[in-house]
Amino acid sequence: MKRAIIVSLRGAFFATKQSLRTGRLLRAWSRYARSARYSTIALAMTLVILASCAPMNLNAPAPVYDTGVDPNAWATIPAGSFLEGQFDHPASIDYDYQMMVTDVTVAQYVDFLNKALADGTLKVDGDRIVGYYPGDEFHGAKHEIHIDAGDYIIVPTNDPASRFTFGGNKFTVKTGWENHPMTNVSWFGAWTYCGYNGWRLPTELEWEKAARGSGDDRPFPWGYDIARNNANFYSSRDPFEDMSAFGSRTTPVGFYNGQTYGSYVTLNSASPYGLYDMAGNVWQWIGDVLPGFSDRFMHGGSKDIYDMDLRIWVRNSATPTYYSPGVGFRCARNP
Amino acid sequence: MQFIKDRFNYLFKSTKGLILVAIALIGLETALFGMLSGPMAEFGVRDVIVRVFKMDLIQAEREGRIIILYHSIAMAVIAIETYMITGLLKMKEFYKTAVRVLITVGYLFAMIFGMGFAYWGHNWALHGLYIAGLTLIFFAGVLLTIALWPWDKNYYQSDKSYARTKSGVDMERAAFFATALTTVISALFGAVPGSYYSNGFETFLAENVIRLPEKTAMQYSVIGHLHIMLALIAIMLTLIIGRWLNFKGILHKIAMPLIILGTIVINLGVWGVVTPLEPIAHMIIYVGATPAMLGALMLVIFGWDKFIREGVAGIQKPGSWQKFKALLHDPLRFGPLWQMVFMNFTVSGIGIFYAVRLDEIFRMWPHREERIELTGHWHVLSAIIATIILLYYGDVIGLKGKLRKLYGWAIILLSDLAFASVTIFETKRLFISEATQQPLVNTVMVLMDFGLGMLLVVLAMVMVWRLLDLFKKKGRWMAEAEHELSEEVK
């Protein structure tokens, strides 16, 4: 920026000097105008580039809302057929199962971390919490990585983007984020949480049926079209988002239930079985382990992507050690 | 009536007119459909466009729509290249006319009926006409390949300063022939799975299946098809630019065999993905890409050397600065070669880095991050190809003086600003975390949109000027109708 100003001033100086010397004011002015134009462009570009270096406040204050949706509630999904995937292939699940009505919250997960750390299920390993996983069978497929039995990351302890803090032996929820979905949790962290409570991660088929229901071929849990106040996605303009500063952030679980928060009106976006946030907010880890494929799938889209990726059948995948502020999970169980 | 007849003859019978129509249609299509995604969707522009134009966008059919959109633009680009080839190279008049008629009707059908089918409800008659358009383009390709047959003695090269065999076969024509032939064959690698997947509408985008551990031959075929078609369009454009700049001499003699060899080997590698050779297909592609890119490098060296020599002619002992000024003197001639060099930073370099560090870096990212990288990679390559065509087009329409410089530099600088921003965006995870990326994302988005937006504005200004020119009795179009590209080889 400084340089651009100097260039601009230098242009003005030389132009004035020239005009005094030659008396050809018009020509000098034209040169100055050109110089000033280039300088203005340079100045604008510099400002734009400097904006990208602006520090980000990851803990910028967020509004606190009670959605009224109980994160301890479960929905029962009855056995039966439904249309699976983008191309509506007939599929069937021949047993009843239950899924959490919301994503696992930060408060719920922090409770688990404290309990599991105390009873030795989890351990501190440097700047991460680790837990045991019995390993996957290795098939030697292309790009497959070894996942042997051993300890794997559950959550990082010092990531500033996490919505909890770790004081050496105790986890605490950052104020205001209690009812937001747990993020920065690896697949191992999600798998361990569900297993610790006697539950499991849903299979891909279970997740899809829970999101879509069995009545039709809807692309979104609530129906066929998506509006900005249906779900939390990139630039959906919810009260937790500021695209000019920190970008998109999570909304409390069950936020899109038809309530009005301040002046922000949400649409009731529950799935046919009453599950919230099955599209948007955070990607949800899926339990399936495919032979020869080390990645784990995620569904539902997140606060960080465009609406098209919120369609029920859209898959994401990552290594099971991956964690991010845009990835969470919910559990399933047999009734 | 004569008024319309004259304009029609210019627009649909002359090389320059045909190119103008295709560029105008691509510009319109890009401007309109570019508003349906990315930041335009974010700003709410998409919703307005959908409402105003009464589009029918079914969520489950997004992938199919996009595939038709890509194809309709690509077909117009292939048509432009075909007009250039038929305008630059010698061939029988019958072939020239037949190829042009087929490809023009073909791309117009593909564009108009394809987009009608994809975005305005599913009228299957439109789909049929879209397929008919693609078929006509395929036949045009077959005819063009026949027309380019290099072993016809009428087309032997007698001038020894060009690459030729001992018997006189023109190696440059052979390179055009090899590229056209492999393009026609590679089109089948899209046509076969295309008819398979669209039968029931189970379409997919290649970047969405890239991580599947087990891919079918049909899926591999689609992935191979999109890579090779873009590569062949780029190789053909390199040959076209070489002809326009009258590429010759020792570098020409080295480059042409390299391009022929590279083109054939790359194609063998890509075709190999649907055979048991799949595990080593990538290696074959690298082996082919190296000579092809070396051939392009020869053209860049030749061209830049030529511009400098021409620019300093008359100066007894030119200094480095004078040579540098001479190199940059004409952006329309410097630009295409510069864009080929710039492509190495934004496409080839990134692609090679990606391939080399796939398991260590990129497969550690989530699939959606990898998808951004892949999509950015080929969008930049496609757009670079478009800018090279636009730079050549600036010369074709005879831009001179300040306007020539302004148009040329605007295209180079605005597009490179956008491409550099896309490159930063697609590789951002290498140097910034997801949680702290927003300011960087905002900046590169602004630069990207500014670069591409202004580029479209420049193009729109040229198109409006050309449209107004058509209403003049003795406009520029009259002179253009008479001139052939081969007469303007520099």
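Residues numbered from 1 in each chain as written. Chains lettered and ligands numbered in written order. Predicted model: local features only at pLDDT ≥ 70, side-chain atom pairs only at ≥ 80, totals over all residues.

A short note on the overall build of chain B
Convention followed: Helix numbers and strand numbers start at the N terminus; a helix is a DSSP run of H or I with at least 4 residues, a strand a run of E with at least 2. Atoms counted for the radius of gyration: C-alpha only. Globule rule: 2.2 Å times the number of residues to the power 0.38. Comment: burial labels come from other C-beta atoms within 10 Å of the residue's own C-beta, placed from the backbone, where a count of 20 or more is buried, 12 or fewer is exposed, and between is partly exposed. Residue pairs are scored as contacts if the distance between their C-beta atoms, which are placed from the backbone, is within 7 Å.
The number of helices and strands found in chain B is 18 helices and zero strands. Radius of gyration (C-alpha) of chain B: 22 Å, near the 23 Å computed for a compact globule of 490 residues. Along the first, second and third principal axes, the C-alpha set of chain B runs to 60 × 60 × 45 Å. Here chain B holds 490 residues, and the buried ones make up 44% of them. Taking the contacts inside chain B whose residues are at least 6 apart along the sequence as the reference set, 76% of them involve residues at least 24 apart.

Some words on the packing of helix α12 (residues 278-311) of chain B against helix α13 (residues 320-328) of chain B
All names here are of chain B. Where we set the bar: All axes here are fitted lines through C-alpha atoms, helices being fitted over the stretch that makes contact, and every angle between N-to-C directions spans 0 to 180 degrees. By definition in this entry, angles of less than 35 degrees are roughly parallel, angles greater than 145 are roughly antiparallel, angles of 65 to 115 are roughly perpendicular, and the rest are oblique. Definitions for this section: a left-handed crossing has its near helix turned counterclockwise from the far helix by less than a right angle. A right-handed crossing has that turn clockwise.
Interaxial distance between α12 and α13 falls to 8 Å at its minimum, and their mutual angle equals 115°. With respect to α13, the element α12 is oriented roughly perpendicular. In terms of crossing hand, the pair formed by α12 and α13 is right-handed. Facing α12, whose interface residues are Trp304, Phe307, Ile308 and Gly311, α13 presents Lys323, Ala326 and Leu327.

Observations regarding the confidence of the model for chain B
Residue and element names in this part refer to chain B. We apply this condition: Looking at any residue, its pLDDT shows the predictor's confidence there, from 0 to 100.
Put simply, chain B has an average pLDDT of 93, and 99% of its residues get 70 or more. The least confident element of chain B, judged by mean pLDDT, is helix α3 (residues 39-42) at 82; the most confident is helix α6 (residues 93-119) at 97. Here the predicted complex carries an ipTM of 0.89, next to a pTM of 0.90.

Topic: the domain arrangement of chain B
Residue and element names in this part refer to chain B. Here is the rule: The source of the domain bounds is an automatic or database domain assignment.
Domain annotation for chain B reports domain 1 (1-147), domain 2 (161-329) and domain 3 (356-490). A separation of 23 Å is found between the C-alpha centroids of domain 1 and domain 2. Residue-level contacts link 17 residues of domain 1 with 18 residues of domain 2. For the side of domain 1 that touches domain 2, the elements supplying multiple residues, two or more each, are α5 (62-88) and α7 (124-147). No other element matches α5, which puts ten residues into the side of domain 1 that touches domain 2.

Comments concerning the sheet that holds strand β1 (residues 74-77) of chain A
How we decide: Here, a strand pair is defined by DSSP locating no fewer than two bridges between the strands.
Read from one edge of the open sheet, three strands run β1-β4-β16 (chain A), paired in antiparallel fashion. In this open sheet, the two edge strands, each paired with only one partner strand, are β1 and β16 (332-333) of chain A.

Details of the pairing of strand β2 (residues 80-84) of chain A
The two faces of a sheet get side chains in turn, since along a regular strand they alternate between them. Residue and element names in this part refer to chain A. The sheet contact formed by β2 and strand β3 (residues 89-93) spans five bridges and is antiparallel. Bridge assignment links Ser81 to a residue of β3, and that residue is Ser92. The hairpin turn running from β2 into β3, its antiparallel successor, is four residues long, and Gly85 in that turn takes a positive phi close to 75°.

Structural notes on the packing of helix α2 (residues 15-33) of chain B against helix α17 (residues 438-470) of chain B
Residue and element names in this part refer to chain B. What counts is decided by this rule: Each residue receives one of three labels: charged for Asp, Glu, Lys and Arg, nonpolar for Ala, Val, Leu, Ile, Met, Phe, Trp, Tyr, Cys and Pro, and polar for the others, Gly being one of them.
Close contact between α2 and α17 brings their axes to 11 Å; oriented N to C, the two are set at 135°. When the axis of α2 is compared with that of α17, the two are oblique. Of the two possible hands of crossing, α2 and α17 adopt the one that is left-handed. Facing α2, whose interface residues are Leu20, Ala24, Gly27, Thr30 and Ala31, α17 presents Leu456, Leu459, Ala460, Met463 and Arg466. Its residues placed into classes, the contact of α2 with α17 shows seven nonpolar, two polar and one charged.

What to know about α6 of chain B
Let me state the cut-off plainly: Expected helix span is given by 1.5 Å per residue-to-residue step, counting one fewer step than there are residues.
With 27 residues, α6 of chain B ought to run about 39 Å at 1.5 Å a step, and its terminal C-alpha atoms sit 38 Å apart, in line with that. Just beyond α6 of chain B, the residue with positive phi is Gly121 of chain B, at close to 80°.

Looking at the interface of chain B and chain A
Frequently, the measure chosen for interface size is the accessible area removed from exposure when the parts meet. Contact residues are listed per partner, giving 24 residues for chain B and 35 residues for chain A. Residue assignment for the side of chain B that touches chain A shows that the elements contributing at least two residues are α3, α15 (367-396) and α17 of chain B. Sorting elements by how many residues they give to the side of chain B that touches chain A places α17 of chain B first, with seven residues. Here the side of chain B that touches chain A is built from residues that sort into ten nonpolar, six polar and eight charged.

Quick word on unusual backbone geometry
Residue and element names in this part refer to chain A. Residue His143 is not a glycine yet carries a positive backbone phi of 70°. Along the chain, His143 turns up in the loop between β6 (128-133) and β7 (150-156). We classify His143 as partly exposed; it has 13 C-beta atoms within 10 Å.

Describing the sheet that holds strand β15 (residues 327-328) of chain A
Remark on secondary structure: sheet strands pair via backbone hydrogen bonds, oriented parallel or antiparallel. Residue and element names in this part refer to chain A. The mixed open sheet is built from four strands, whose spatial order is β14-β13-β12-β15. The sheet is open, and its two edges are formed by β14 (315-318) and β15, each paired on a single side. With four bridges joining them, strand β13 (residues 296-299) and β14 adopt antiparallel strand pairing. Bridge assignment links His299 to a residue of β14, and that residue is Arg315.

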